[in-house]
Amino acid sequence: MTIQIYDTTLRDGAQREGMTLAVEDKLKIARQLDKLGVPWIEGGWPGANPKDGEFFRRLQLEPLTQAEVVAFCSTRRPGGLAAEDRMLAAIIAAGTKWVTIFGKSWDLHVTEGLKTDLAENLEMIRDSIEYLISQGKRVIYDAEHWFDGYLANPEYALKTLQTAIDAGADWLVFCDTNGGTLPQDITKIVDRVIQTVDPQRELQFGIHTHNDCELAVANALAAVSSGVTMVQGTINGYGERCGNANLCAIIPNLQLKLGYSCLHEADLIRLTQVSRYVSEVVNIAPNDYAAFVGRCAFSHKGGIHVSAVERNPLTYEHIDPLLVGNERRIAISEQSGLSNVLIKASEMGLTLTKADPRTRQILAKLKELEYQGYQFEGAEASFELLMREILGQTSTLFTIQGFQVHCSIATQQHHSLATIKIAVDGQDILEVAEGNGPVAALDAALRKALSRFYPELAKCHLTDYKVRIIDGEAGTAAITRVLVESSNGHHRWTTIGVSENILEASYQAVAQGIEYGLLVRSPQMCSLVDVK
Ligand SMILES: CC(=O)SCCNC(=O)CCNC(=O)[C@H](O)C(C)(C)COP(=O)(O)OP(=O)(O)OC[C@H]1O[C@@H](n2cnc3c(N)ncnc32)[C@H](O)[C@@H]1OP(=O)(O)O
Ligand SMILES: CC(=O)C(=O)O
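As annotated in an unreviewed UniProt entry, the chain is Citramalate synthase from Chamaesiphon polymorphus CCALA 037. You can read under Pathway (unreviewed entry) in the UniProt record for the chain the words "Amino-acid biosynthesis; L-isoleucine biosynthesis; 2-oxobutanoate from pyruvate: step 1/3."

Engineer: Looking at this model, I keep getting lost on the UniProt feature "domain: Pyruvate carboxyltransferase" (unreviewed entry) in the chain. Mind explaining?
Structural biologist: Residues given the UniProt feature "domain: Pyruvate carboxyltransferase" (unreviewed entry) here are residues 3-269. The annotated region residues 3-269 carries 45% helix and 17% strand content, and the separation between its end C-alpha atoms amounts to 18 Å.

Engineer: Help me understand the nonpolar core in this model?
Structural biologist: The nonpolar side chains of soluble globular proteins are, as a tendency, buried together. Core analysis: the biggest nonpolar cluster contains 92 residues, and Y141, V173, F174 and A220 have the highest contact counts within it. In terms of residue count, the dominant contributor to this core is helix α9 (residues 216-225) (eight residues). Sequence-distant contacts of V173, defined by excluding residues within four places in its chain, comprise I140, Y141, D142, A143, G206, I207, H208, M230 and Q232. The next biggest cluster of nonpolar side chains, apart from the first, holds 50 residues, and it includes L350, M387, I422 and I496.

Engineer: Teacher, can you tell me more about the domain arrangement of the chain here?
Structural biologist: Where the parts come together, the accessible area they lose is often given as the size of the interface. Here the chain is partitioned into domain 1 (4-263), domain 2 (299-390) and domain 3 (399-528). Each of domain 1 and domain 3 has a C-alpha centre, and these two points are 55 Å apart.

Engineer: Mind showing me how you'd approach the packing of helix α5 (residues 118-134) against helix α7 (residues 154-167) here?
Structural biologist: When two helices pack together, their arrangement is given by the angle between their axes and by how far apart the axes lie. Interhelical geometry of α5 versus α7 gives an angle of 20 degrees and a closest axis separation of 8 Å. When the interaxial angle is binned, α5 and α7 end up roughly parallel. For the pair α5 and α7, the sense of crossing is right-handed. Residues L118, N121, L122, I125, R126, I129 and E130 of α5 lie in contact with α7, whose contacting residues are Y156, K159, T160, T163, A164 and A167. Taken together, the residues that form the contact of α5 with α7 break down as seven nonpolar, three polar and three charged.

Engineer: Explain the site of ligand 1 to me, please; I cannot follow it from the model alone.
Structural biologist: Inspection of the region around ligand 1 gives 17 residues, with A48, S74, T75, L114 and T177 positioned closest. Of all the secondary structure elements, the ones that give two or more residues to the shell around ligand 1 are β4 (98-104) and α4 (107-114). When residues in the shell around ligand 1 are grouped by element, the largest group, three residues, is from β4.

Engineer: Before we go on, may I ask you to explain the packing of α9 against helix α10 (residues 247-257) in this structure?
Structural biologist: Packing of α9 against α10 leaves a shortest axis separation of 10 Å and a crossing angle of 35 degrees. In this structure, the crossing between α9 and α10 has a hand that is right-handed. Contacts between α9 and α10 involve V217, A220, L221 and V224 from the first element and A249, I250, N253 and L254 from the second. The residue makeup of the contact of α9 with α10, split by class, is seven nonpolar, one polar and no charged.

Engineer: How should I be thinking about the sheet that holds strand β2 (residues 40-44) in this particular structure?
Structural biologist: One key point about sheets: their strands pair by backbone hydrogen bonds, in either a parallel or an antiparallel sense. With parallel pairing, the eight strands of this closed barrel are ordered in space as β1-β2-β3-β4-β5-β6-β7-β8. Ignoring which end each strand starts from, the neighbouring axes of this sheet average 25 degrees apart. Lying over the sheet, α5 contacts β4 and β5 (138-144), oriented at roughly 175 degrees with respect to β4.

Rules used in this analysis
- Residues numbered from 1 in each chain as written.
- Chains lettered and ligands numbered in written order.
- Predicted model: local features only at pLDDT ≥ 70, side-chain atom pairs only at ≥ 80, totals over all residues.
- UniProt positions renumbered as here; feature names shortened; annotations may be inferred.
- Helix = DSSP H or I, 4+ residues; strand = E, 2+ residues; numbered from the N terminus.
- Core = buried A, V, L, I, M, F, W, Y, C linked by C-beta atoms within 7 Å.
- Buried ≥ 20, exposed ≤ 12 C-beta atoms within 10 Å, placed from the backbone.
- Contact = placed C-beta atoms within 7 Å.
- Domains from an automatic or database assignment.
- Axes fitted to C-alpha atoms, helices over the stretch in contact; angles between N-to-C directions.
- Parallel < 35°, antiparallel > 145°, perpendicular 65-115°, else oblique.
- Left-handed = near helix turned anticlockwise from the far one by under 90°.
- Nonpolar A, V, L, I, M, F, W, Y, C, P; charged D, E, K, R; others polar.
- Near = placed C-beta within 6 Å.
- Pairing = 2+ DSSP bridges.

Right, here's the structure in full:
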């Protein structure tokens, strides 16, 4: 059986605080959703702002390939006529075949929100739907605050729904607008209401849930179990307040767990990519911990988990990550066992076995360093250097003899100067360099000192620098952890330094970044070590 997915990322999703979409962003997202095979895309509220009007105009010129794009609006204003309503005129001008209008189901909203009477609200629903149909539109009716309205005054709520049915709406969507309803109440109410208004099961129903109780996905699934066949939601759960039902969880739950059909199998494997694409376009960092599509959704850290997943992934994975286009990841940390080390070694092209005493030596060193404040999860290049060192696969490229950094803080300009002394191939090199800050100056001085021996270093750059202060135990100094990201234009890698002194920690991370770039990532140096 098919459950129709109705995406409202571009309308309700854009009601999330902190999200603003340009017309181009909306078009990019609409095209991705179209490609993914989402059958319904709610594009916005034409007439509410110029941007949404422009979005629909652009789509008339460059239509989507398969999805129905839907324009959204409220019922007409109280006391007027649908045929003269400015908003309804704008929704018609949007040029879509389908429109969604929301109407009031809760008597409180009619008297307190609309400031009109209950009979006029019914008239607004009837007049608006009939008018839109007379203009050639097909109508999806969003019954706003359905569940609160039904609990407060079931007789009136049912009258609003019956009015929408009699006026000719094609779809009737139950909205948990305030997101406060529990799954068992959704099931009970949807069951009872469908039985009351559609005993012959001839109508089409949908569900639209919000996440104020962290239950939007569960509530949408509960409504499906009671017979709705359209689910409204947003990519990554974006939306007003705590968000809307997250389609990136709803779709795989419906398809992989409950056996419904939502997307073609070949499209479902693009879900993770689409989730990340949308987060990129809306400029909100992806949620690493999101179910199904998050970076950590199938990452394994505990040694027991990693050992078992190696033997059979079903032991700690509820689905095959590839089904949603995600991947298994193994984290390396103090929680690791030998299995984590072996998997990381193999990822890095190194051959190790459980029986090899060096494997346990690597694990022991890892745990000892993490106890001192290192964190290798986010610094896999440093872990690779650690492994290669124990395996005898590194060579000493330079040794540090000392450095000094001088900072001058003036009102207009901050300026730093670093002097460094290193030994390379038995030669002592003394160099000095400037930078905007002390770490930039230190990095520049080290590169300058090394450049005549390793010209390929010119391609490597420091691309990110993060500092975290770890509280010292009672009476001891705080420890600084520095993570440095470097790049050679093709690859990025992260290294770590830890010390009570921020400059010493920074030097360790910067120097390891350079070592890794030269030893592992530089073609000229590949012969020195066993490289992937
Ligand atoms: C549950 C939902 O998510 S519904 C979608 C909510 N989304 C948005 O509100 C985003 C877009 N909204 C907007 O740009 C503006 O609010 C507009 C253009 C729609 C309206 O702006 P304004 O005319 O300035 O009105 P304002 O926003 O102050 O108040 C909302 C008006 O809509 C009316 N209204 C609310 N629901 C409905 C409805 N279902 N049918 C008809 N009118 C409605 C209110 O009574 C109020 O009218 P009033 O000011 O004449 O009393
Ligand atoms: C229509 C809608 O967005 C809601 O009721 O939440």
